[in-house]
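# Commentary on secondary and tertiary structure
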Amino acid sequence: MTDLPGRENDPNDNPFAMFGSPEQMAAAMRQFADMLSASPDAGPVNWDMAKNIARHAMVAEGGDPSVMEGERREIVEALNLADLWLNEVTALPSGVVNPQAWSRSEWIEKTVPVWKQLADPVAARMVETMGGTLSAGGLPPEAQAMAGPLMGMLKQMGGMMVGQQIGQALGSLAREVVGSSDIGLPLSDTAALLPGGIAAFSHGLETPSDEIRLYLALREAAHHRLFQHVPWLRAHLLGAVEEYAQGITVDVSALEEKLQGLDLSNPAQLQEVLGGGELLKPEETERQKVALNRLETTLALVEGWVATVVDAAAAGRLPSAVALAETVRRRRATGGPAERTFATLVGLELRPRRLREAAALWKALGDERGVERRDAVWGHPDLMPTSDDLDDPTVFVKGGIELDLSSLEAGDEHQGDDRADGGTDGGTDGEDRDSRG
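Residues numbered from 1 in each chain as written. Predicted model: local features only at pLDDT ≥ 70, side-chain atom pairs only at ≥ 80, totals over all residues. Heavy atoms only, no water.

A word on the overall build of the protein chain. The helix and strand tally for the protein chain stands at 21 helices and two strands. At a minimum sequence separation of 6, the contacts of the protein chain that also span at least 24 residues come to 82%. As displayed, the protein chain offers around 19800 Å² of accessible surface, 51% of which is attributable to carbon and sulfur atoms. (Helix = DSSP H or I, 4+ residues; strand = E, 2+ residues; numbered from the N terminus. Contact = heavy atoms within 4.5 Å. Areas by Shrake-Rupley, 256 points an atom, 1.4 Å probe, with all protein chains shown as cover.)

Structure follows, in structure tokens:
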């Protein structure tokens, strides 16, 4: 049959034109296939899809080259040397066991287990709320009749929404991080640096590359001393996120508005709806604010201690240490990877003022008590400075450590999380403060 004149390129003749470009349709179909292939019991987030989105984001921004052998050797040597320098300025033992160099894809793969712990509690609440909304009438009338058999799929759609947002956040973060711990969380037990991240950090700096690498290795190795040898710290950080998740709600009215006119057979429209990050912004309650304050204070104390010991280790060895420290602080002050990721996944934005005050407290504590007594504060959460101490550190710094660690730990190890909940939220009672001195 001969085509009619003038109709050769009519887009109306293309039954797939409604789906957008071939590339858009392919991307939407891949994500839809990921959703359908996910196990209903796999959890609230489709993590395979999240990882695929994160990797795709990196490729779109210039690729992810493999780590060359020379780069690997330089990073391993830098981490080992940095660890030796830290021995002289802290009483905490080494946390560097098997130093490694990672590509950005390796960073995603190796840190996802901890991201799951961080994001799943928040995502579960979001998916639960979205699933209830969908099944309660959020779908347009013409879709109600077929809603029964699709309830399981609708729940997976909620997980897909969250997974897409998490994937985009991790993809963005992977392009900027320099190591396994530079956002202040114990994302891996392995001390590692990313050559691609170091190169991005170094761009525009008039500093020798070996000095930059060694300075960042000092930060990485210092973080691992804390995360490996302060047993309550990991549970405390993750517990604060879980506590925050208990009050998560979803903007139901915005969700229903998004679902108006949704055509489940249209992958392009589905992709647009699933990209609605504004649906996933949590509403803070007083309970959440307390948990966020505790988390913010602990992260500030971690970062402040790291900055203090790195400054001490680099003094007289790295001529550019002061300038590099300022570069790190500027990254935090202008909204670095930690702020953006927490704002996306948890709703937390770290305040640079807290980080500066925490560093000042640790330095003053070391000057007043010495390195060993300064680091002994990490021995138990009841010894830790509170948010009030960051506001006015004088009493904390001048006081002595009077708590008997052996009596606190004996028969009480299983209550470490409970003590952590009260140790850094600014609400420690007077008895705890008095016992600290």
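Still to come is the rest of the account.
Before going further, it helps to spend a moment on the nonpolar core. Grouped together as the largest cluster of nonpolar side chains are 85 residues, with contacts concentrated most on Trp107 and Trp378. Looking at which element gives the most residues to this core, the answer is helix 12 (residues 286-314), with eleven residues. (Core = buried A, V, L, I, M, F, W, Y, C linked by side-chain atoms within 4.5 Å. Buried < 20%, exposed > 50% of the residue type's maximum accessible area, 1.4 Å probe, protein only.)

So, on to the layout of surface pockets. Estimates place the volume of the largest pocket at around 460 Å³. Secondary-structure elements contributing two or more residues to the lining of the largest pocket are helix 8 (209-229), helix 12, helix 13 (321-333), helix 15 (352-369) and helix 16 (371-376). By residue number, the principal contributor to the lining of the largest pocket is helix 15, which donates nine residues. Tallied by class, the residues present in the lining of the largest pocket amount to 13 nonpolar, three polar and nine charged. (1 Å grid on protein atoms, 1.4 Å probe; cavity = no way out; pocket = protein on both sides within 12 Å on 5 of 7 lines; lining within 4 Å. Points joined across faces, edges and corners; volume = space filled by probe spheres on them. Nonpolar A, V, L, I, M, F, W, Y, C, P; charged D, E, K, R; others polar.)

Secondary-structure assignment places Lys289 in helix 12. When its relative accessible area of 40% is taken as the criterion, Lys289 is described as partly exposed. Lys289 sits 45 residues away from Tyr244 along the chain, and the two C-alpha atoms are 7.8 Å apart.

With that settled, consider the pattern of salt bridges. By the definition in use, this model includes 14 salt bridges. Residues Glu357 and Arg354 are paired through a salt bridge, measuring 2.4 Å at the closest nitrogen-oxygen approach. Taken together, the residues Glu357 and Arg354, both in helix 15 and three residues apart, mark about one turn of the helix. With a relative accessible area of 22%, Glu357 lands in the partly exposed category. In this structure Arg354 comes out as buried when scored by relative accessible area, which is 1%. (Salt bridge = Lys/Arg side-chain N within 4 Å of Asp/Glu carboxyl O.)

Now for the packing of helix 3 (residues 69-86) against helix 8. As a packed pair, helix 3 and helix 8 sit with axes 8 Å apart at the nearest point and diverge in direction by 60°. Judged by the angle between their axes, helix 3 and helix 8 are oblique. Like other packed secondary-structure pairs, helix 3 and helix 8 cross with a definite hand, here right-handed. Only Arg213, Leu214, Ala217, Leu218, Glu220, Ala221, Ala222 and Arg225 of helix 8 make contact with helix 3, whose side of the interface consists of Glu74, Ile75, Ala78, Leu79, Leu81, Ala82, Asp83, Trp85 and Leu86. Of the residues assigned to the contact of helix 3 with helix 8, the class counts are twelve nonpolar, no polar and five charged. (Axes fitted to C-alpha atoms, helices over the stretch in contact; angles between N-to-C directions. Parallel < 35°, antiparallel > 145°, perpendicular 65-115°, else oblique. Left-handed = near helix turned anticlockwise from the far one by under 90°.)

Looking at the secondary structure, you find Ala199 in helix 7 (residues 195-202). With a relative accessible area of 49%, Ala199 lands in the partly exposed category. Spatially, the C-alpha atoms of Ala199 and Ser209 are 8.6 Å apart, while their sequence positions differ by ten residues.

Counted according to the given criterion, the structure contains four aromatic pairs. Both rings, one in Trp232 and one in Trp378, keep their centres 6.3 Å apart while their planes meet at 25°; by these two values the pair is stacked. Within this pair, whereas Trp232 is found in the loop between helix 8 and helix 9 (233-245), its partner Trp378 is found in the loop between helix 16 and helix 17 (387-391), the two being separated by 146 residues in sequence. Of the two residues examined, Trp232 and Trp378, each falls in the buried class. Ring plane angle 85° and centroid distance 6.5 Å describe the contact between Trp305 and Trp378, whose orientation is recorded as edge-to-face. Taken as a pair, Trp305 in helix 12 and Trp378 in the loop between helix 16 and helix 17 lie far apart in primary sequence, 73 residues in all. (Phe/Tyr/Trp six-rings, centres within 6.5 Å; stacked < 30°, edge-to-face > 60°.)

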